[in-house]
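Structural description and commentary
In case you want the letters, here they are:
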Amino acid sequence: MSGLLGRETVEAVSLADGTNLPADIVVVSIGSVPAADWLVSSGLDVTRGVECDRTCAVTGVPDVVAAGDLANWYNPLYERHMRVEHWTNAIEQGTFAARDTPRHT
Ligand SMILES: Cc1cc2nc3c(=O)[nH]c(=O)nc-3n(C[C@H](O)[C@H](O)[C@H](O)COP(=O)(O)OP(=O)(O)OC[C@H]3O[C@@H](n4cnc5c(N)ncnc54)[C@H](O)[C@@H]3O)c2cc1C
């Protein structure tokens, strides 16, 4: 996409090759990449964020937890790792991760 065309409302989407696609509504869906560059020298694999288990304990590193956008957390509900990019998750996961509870490794 190179631009949106229209006067009062969107009427078309302009593509990079010059094509104009008529449109009434445009939904923009933008992915994100966790800013984990500063952790590269730590030896952690930060390709998909910081992998941690269901308790937020970072995989393979004792006494370190991760929370928020950066955490590639194991979600037992879906039985897979995932990153959740929402304010509520960052707050609740951070609160949970900070608790001094025994951790599964
Ligand atoms: C444009 C936009 C709109 C959004 N809208 C919504 C929304 O409507 N609702 C919603 O629920 N979520 C929304 N989100 C997502 C939400 O902002 C994030 O999920 C949330 O902020 C994650 O919190 P966090 O603490 O994990 O990370 P962040 O909020 O990114 O905090 C990380 C902090 O670490 C700092 N930092 C980074 N590197 C270093 C370093 N080396 N040393 C020290 N500090 C460092 C950063 O400056 C930053 O302050 C939106 C995000 C964006 C980008």
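Residues numbered from 1 in each chain as written. Predicted model: local features only at pLDDT ≥ 70, side-chain atom pairs only at ≥ 80, totals over all residues. Heavy atoms only, no water.

It is worth spelling out the nonpolar core at this point. Ranked by internal contacts, the top residues of the largest apolar core, which has 13 residues, are L39, V46, V50, C52, A66, L70 and W73. Listed by contribution, the elements that provide at least two residues to this core are β4 (50–52) and β5 (71–75). Leave out the neighbours within four places in its chain, and V50 touches L39, L44, V58, A66, L70, A71 and N72. (Core = buried A, V, L, I, M, F, W, Y, C linked by side-chain atoms within 4.5 Å. Buried < 20%, exposed > 50% of the residue type's maximum accessible area, 1.4 Å probe, protein only. Helix = DSSP H or I, 4+ residues; strand = E, 2+ residues; numbered from the N terminus. Contact = heavy atoms within 4.5 Å.)

A few words on the sheet that holds strand β1 (residues 3–5). The three strands are arranged β1-β2-β3 in an open sheet whose pairing can be described as antiparallel. Each edge of the open sheet is held by one strand with a lone partner, namely β1 and β3 (20–22). For this sheet the average axis-to-axis angle between neighbouring strands, irrespective of direction, equals 25°. Across three bridges, strand β2 (residues 12–14) lies against β3 in antiparallel orientation. Bridging across to β3, V13 finds its partner in L21. (Pairing = 2+ DSSP bridges. Axes fitted to C-alpha atoms, helices over the stretch in contact; angles between N-to-C directions.)

By themselves, these figures tell us nothing about what the structure is for.
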